[in-house]
Amino acid sequence: MSRSPVLAAAPGPAAVRPARRLPRSAGFAVIVAIMVLFQAAASAPAPLYVVYQRLWAFSAGTLTLIFAIFVLALLGTLLVAGQLSDYRGRRPVLLAAIALEAGALVLFLLAGNVAMLLAARAVQGIATGLALPALGATLVDFNPPHAPGRAAVVSGVVPVGGLAAGALACSSLVSFAPDPVHLVWILLLAALAVALAAVLALPEPATRQPGARKSLAPRLGIPGRLRREVVALFPVIVASWALGGLYLSLGPSAAVGIFGLTSHFDGGLVVTLLCGTGAVTAYALRGAGSRTVLRASTSLLAAGTAVTLGGVLTGSLPAAIAGTALAGVGYGASGLAAFGTMARLAGPADAAERGGLFAVAYVVAYLAFSLPALAAGYVSIRAGLRDTVAAYSLLVIVIAAAALAGRELRPVRG
């Protein structure tokens, strides 16, 4: 088996640069920054949920509903509009996503009750579902010719790095800044304004194709020649994103309810420890062989989650911290293996297929992220937080072990 690098994404098609447009080299950096911004905005509400609960006295079931509506809106948008940028162009879709995200942030800023919070999270889910496949495809379009693997590295690092940045920044503001339920959204709106101006200055990297309206019919598709390699990534995506769903949905609550931590900053650090470790790991492993990374990711996900489970059952905070850090290494390696490989496959693919490929990957990811977390939110009301986290952790261990066994039994092509 050859040890081909995960990061062999091919550059996107050349495009004529209009007057007053940013160069393509700058376009790559702009798309990276916007990817971080969208992921950070998606994770920003998590540290604030405890604050909103205290203000409006809603139940854990309502909190689960708030989590669910974001994911349902996101998945619905991926199914309907995941391929839209392949037909209408990248810039129009990104501009629409930024405008919708801005509308969601305004709703968060003005929210005075649960209904407005639900509306904000729904609009944010639509914006995120519109943005993610378009951003992934644009990143490959703008991949610099002198660094053919750069899009693959970024595709592996940014999803976990953006979640870490959002959770850390928001928990810091909640803990140390005045009026965090407004300040967070004001700062994100300012960042979106900059992103909007940057996208307006970008050249359009993709050629518009006929059939945009027909593409809105809910469907997902993988080109036949890529199906085997793409489907082989699904178990790794499911294991890692299920773990991410555990931390983003129940992590801050577990920090308070199981380990007795009382600071909002500590709750945010739970998410940051997993995702931040993952981002560093993905970058550190950027030159490793794909088979090595895939094997390491599932092994470390299972081992780290098992150590964390031991900490939960014994009430040992040091064990939980060590397990989270170890699982974070596996989390980052899986992100590089899955989304880095997806970028590699999308590189030589037709530009009109790239958005659709990333839509498929994100649908699988967010289903794995959301369904177990939603079930856990409802179960925790009856079974208690500790037993729910323990059962969820066992589920992640089983999925990761099954993914590892599947990889060993079915060799990965380079």
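Rules of the game
- Residues numbered from 1 in each chain as written.
- Predicted model: local features only at pLDDT ≥ 70, side-chain atom pairs only at ≥ 80, totals over all residues.
- Heavy atoms only, no water.
- Phe/Tyr/Trp six-rings, centres within 6.5 Å; stacked < 30°, edge-to-face > 60°.
- Helix = DSSP H or I, 4+ residues; strand = E, 2+ residues; numbered from the N terminus.
- Buried < 20%, exposed > 50% of the residue type's maximum accessible area, 1.4 Å probe, protein only.
- Salt bridge = Lys/Arg side-chain N within 4 Å of Asp/Glu carboxyl O.
- Patch = residues over 30% accessible without salt bridge, like charges linked within 9 Å, V, L, I, M, F, W, Y side chains within 5 Å.
- Areas by Shrake-Rupley, 256 points an atom, 1.4 Å probe, with all protein chains shown as cover.
- Axes fitted to C-alpha atoms, helices over the stretch in contact; angles between N-to-C directions.
- Parallel < 35°, antiparallel > 145°, perpendicular 65-115°, else oblique.
- Left-handed = near helix turned anticlockwise from the far one by under 90°.
- Contact = heavy atoms within 4.5 Å.

### Focus on the packing of aromatic side chains
Thinking step 1. One pass over the structure, following the stated rule, counts 7 aromatic pairs.
Thinking step 2. For the pair Trp-241 and Phe-369, a centre-to-centre distance of 6.1 Å together with 70 degrees between the ring planes defines the contact as edge-to-face. Here the residue Trp-241 occupies a position in helix H11 (residues 234–257), and Phe-369 occupies one in helix H15 (residues 351–383), the gap between them amounting to 128 residues.
Thinking step 3. For Trp-241, a relative accessible area of 7% corresponds to the buried category.
Thinking step 4. Members of the aromatic cluster, each reached through a chain of ring pairs, are Phe-67, Trp-241, Tyr-362, Tyr-366 and Phe-369.

### Some remarks on the pattern of salt bridges
Thinking step 1. Enumeration according to the criterion identifies 2 salt bridges in this entry.
Thinking step 2. With a shortest N-O distance of 2.8 Å, Arg-90 and Asp-86 are connected by a salt bridge.
Thinking step 3. The salt bridge partner of Asp-141 is Arg-90, with a shortest N-O separation of 2.6 Å. One end of the pair, Asp-141, is in helix H6 (residues 114–141); the other, Arg-90, is in helix H5 (residues 90–110), and 51 residues separate them in sequence. Assigned by exposure class, Asp-141 and Arg-90 land together as buried.
Thinking step 4. Three or more residues joined by partner-sharing salt bridges are found here, namely Asp-86, Arg-90 and Asp-141.

### Remarks on a nonpolar patch on the surface
Thinking step 1. Together, Leu-65, Tyr-378 and Ile-381 give the surface a local cluster of nonpolar side chains, amounting to about 280 Å² of exposed area.
Thinking step 2. Within the secondary structure layout, Tyr-378 lies in helix H15.
Thinking step 3. With relative accessibility at 41%, the residue Tyr-378 sits in the partly exposed group.

### Brief notes about the packing of helix H1 (residues 24–43) against helix H8 (residues 180–200)
Thinking step 1. Running from N to C, H1 and H8 point in directions that differ by 150 degrees, and their axes come no closer than 11 Å. As the angle between them shows, H1 and H8 are arranged roughly antiparallel. Regarding H1 and H8, the two cross each other, and that crossing is left-handed. Residue-level contacts link Val-30, Ile-34, Leu-37 and Ala-41 of H1 to Leu-188, Ala-191, Leu-192, Ala-195, Ala-198 and Val-199 of H8.

### Quick notes on the side chain of Thr-281
Thinking step 1. One can find Thr-281 in helix H12 (residues 264–284).
Thinking step 2. Among the residues examined, Thr-281 registers a relative accessible area of 10% and is labelled buried.
Thinking step 3. Beyond its immediate sequence surroundings of up to four residues, Thr-281 is in contact with Gly-328, Val-329 and Ala-333.

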